Each structure stands twice: as C-alpha cells, then as structure tokens.
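Structural features, examined
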Amino acid sequence: MTLDEILVEIKQAEKIVILTHESPDGDAVGSSLAMKFMVEALGKKADVIIPEYPRCFCFLPTTDEIKIQSEVQNYDLAISVDCANFKRLAKNEYFENAKKTIVIDHHSSNNMFGDLNYVNPASPACCEILIGIAEYFGISISKEMGTCIMTGMITDTGGFRYMGITPDTFEYSAELLRVGVDIPEIYKKTMGTKTKANFELTKRIIDRMELLEDGKVAFTYMTTQDEKEVNAEMGDHEGLVNIGKDIEGVLVSVFIRQKEEEEAYKVSLRSEDGINVSDICLLFGGGGHARAAGALIQGNIEQVKEKLMKEIKKWTES
C-alpha cells in the first residue's frame, strides 16, 4: 500500500523538504503548508521551499517559515505536492538530489515522477487528498492545518463552483468547520478581494476579448508591459481566465500571458463539459485537468493564438 510506504519514508527521514509547482496557487501553497503540519504531527521537521507566491496567501499559518532556498543540498526525502511533472516543480534540484522522493497530486496528467506516487485525479484539490492521508495516518487535523487545507479546496474548486466536487468535498468541509476553520474568511481573503492591479488588468483583458467560433471560444491576452504599467505582483492575474468562461455560449475560455523577457506565452484554458482542455495542453507540453489546464507556447500573440485555435476547433466543431 503506497500510503503505508509513504508513512515509513517520512518516519525514517531526518531531513525532509516539501516542494510544489512554479507560480503557485492556493492549492499549491495550502497543500505545502498542510503537509508540513502533517510531517510535524509525525514528530519530524520539514522545510517548505516556495521561491515566490501571491501575497493573498500570507494569512496562512507558518508562511513566515517558507524558504526561498535551502542550505541543505541533499535531503533524505523530498515531497512534491500539487505538481503534475518534474519540469513544473519549483526548485526541482532539491527533489532531484534527494535520496527518496514522494509525489502527492490530483492532476490526471501526472507522469508519476517520484519513487512513490499517490495520485487521485478524482479529487478536486490536492488539499482534499491530504485530509484522507491525515486520517489514514491517524493525525488529528488542527485549526491551523485545516485553514491551509480549506484554502486549497476553496481556490481549486472556484469556491465550490467547478465540476469535480464530490459529497466528500462538503463532508470534509463540515469536518474543518468543526475544528474552527473560518471558511467565509478564507473565501473573502482568497477569492472575494481584488487587488488594484488585478482590477486594472481585468479592464484591459475585457477590452481585448474576442469571441471566436460563433461565440464558442473567448480569447484574450496580457503582456509584460501591462503588468509593469499596473505594478502587478505575482498572483494578480489569477482568475482572469474565468471571465471569458462566464460569457453565455462560451465553451472554451483562452487567456494567454506573456512570459517575461521571452517570446512565449503562458496559456490558461477553461472549458465546459465535453471539451478536455488538458488533452489540448498536453500537445504543447502542458497539462492539468479536463476543464482547467495550461501550457507554455513559443511565439508572438498571433502565432500562439493560431496554434491554439487549430486544436480547439477540433473540439468545438465535433
């Protein structure tokens, strides 16, 4: 049983590091910190290394302990959470140099890059998987750990709006309420508050938005110049892809964001039931979930748009 093996590895390791994907969202930060609480509950210590993360998550317990890098070069155990592949893992050199590696994730595109892999694509958030793991390990979830877990569940489900939520999602939420987790406050801090930069970027991408394929596809973009002009920080672009998805008749929302100092764009796709955007992104070396996925595509705006639309049309015309 993989979970039994994971438990053995955690108990045997002296130096443990927890890592997650680059450009981390709420599930990435939340599951990293929740995993740290879990390791500590087992009598061990762990470093959480996240080079940078959106400031809206600074309210989470122990964010002040997050490291940008570590003096330890060779950990006994490296645990990756909420990351589908080694390439997207931030500071992946710590993972590569570790004696033993564990991957815990919920992406269907995960390529099982750890020595031990515990992946459940049916889970709407990596944080939800951690609740089950904690229960299996006999760990009581504290208010602090629960706050980290709830943050991942709320953000990765869009406030329980996306497909993929299950009865377990709400049962787990009820459990977290019982230990004192303030769900309305987490929602307010992570999803209910816009930064001024996010507001300014929202105006720009709405002005540029095009409805293509008889209104089935919404396309818009953002440049590095936009980010500089509004003094955007990491995370200020979060949620912009959903604006197009909320338009009546749109089946696929496309949002592309220029990668700094490169002629390349980070692509975010959202879709309605029946269109698997993860399969589309896999063609460009990315991946994710059936209804929410991403990739990095080389080229200028028009070139990236053309490449994407060629593949998206195969779904919208079928």
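Every chain is numbered on its own, with residues counted from 1 as its sequence reads. For this predicted model, a pLDDT threshold of at least 70 governs which residues receive local features, and a threshold of 80 or more governs which side-chain atom pairs are given and counted, while totals over whole chains, interfaces and linings are taken from all residues. Only hydrogens and water are set aside when side-chain values are computed; all heavy atoms of the structure are taken into account.

1. Things to note about the overall build of the chain
Under the convention used in this document: Secondary structure follows DSSP: runs of H or I at least 4 residues long count as helices, runs of E at least 2 residues long count as strands, and numbering of each begins at the N terminus. Contacts: residue pairs with any heavy atoms within 4.5 Å of one another. For the charge count, each Lys or Arg is scored as positive and each Asp or Glu as negative, with His and the chain ends excluded. Where a charge sits is defined by one atom per residue type, namely NZ (Lys), CZ (Arg), CG (Asp) or CD (Glu).
When its secondary structure is counted, the chain shows twelve helices and eleven strands. With respect to the three principal axes, the spread of C-alpha positions in the chain is 55 × 40 × 40 Å. For the chain, restricting intrachain contacts to residue pairs at least 6 apart in sequence, the fraction spanning at least 24 positions comes to 64%. In the chain, 35 side chains carry a positive charge and 52 a negative one; their mean positions are 2 Å apart.

2. Focus: the sheet that holds strand E6 (residues 210–212)
Two strands in a sheet stick together by hydrogen bonds in their backbones, pointing the same way (parallel) or opposite ways (antiparallel). To be explicit about the condition: Any two strands with at least two DSSP-identified bridges between them are counted as paired. Here an angle of 0 to 180 degrees is reported between the N-to-C directions of two axes, which are lines fitted to C-alpha atoms, with helices fitted over the stretch in contact.
Read across the sheet, six strands follow the order E6-E7-E8-E9-E11-E10 without closing on themselves; strand pairing throughout is mixed. Each edge of the open sheet is held by one strand with a lone partner, namely E6 and strand E10 (287–288). Here strand E7 (residues 217–222) runs beside strand E8 (residues 252–258); their pairing, made up of six bridges, is parallel. Bridged to Thr220 within E8 is Phe255. Packed onto the sheet, helix H8 (residues 196–208) meets E6, E7 and E8 and runs at close to 130° relative to E7.

3. Brief notes about the packing of aromatic side chains
Note the cut-off: The aromatic pairing rule takes the rings of Phe, Tyr and Trp, using the six-membered ring of Trp, and pairs them if the centres are within 6.5 Å, calling planes under 30 degrees apart stacked, those over 60 edge-to-face and the rest tilted. When accessible area is computed with a 1.4 Å probe and restricted to protein chains, residues below 20% of their type maximum are described as buried, those above 50% as exposed, and intermediate ones as partly exposed.
Under the definition given, this model contains five aromatic pairs. Measuring from centroid to centroid gives 5.4 Å for Phe160 and Phe170, while their planes differ by 40°, and the two rings are tilted. Placement of the pair is Phe160 in the loop between helix H5 (143–156) and helix H6 (167–178) and Phe170 in helix H6, with a sequence separation of ten residues. By relative accessible area, which is 45% here, Phe170 ends up partly exposed.

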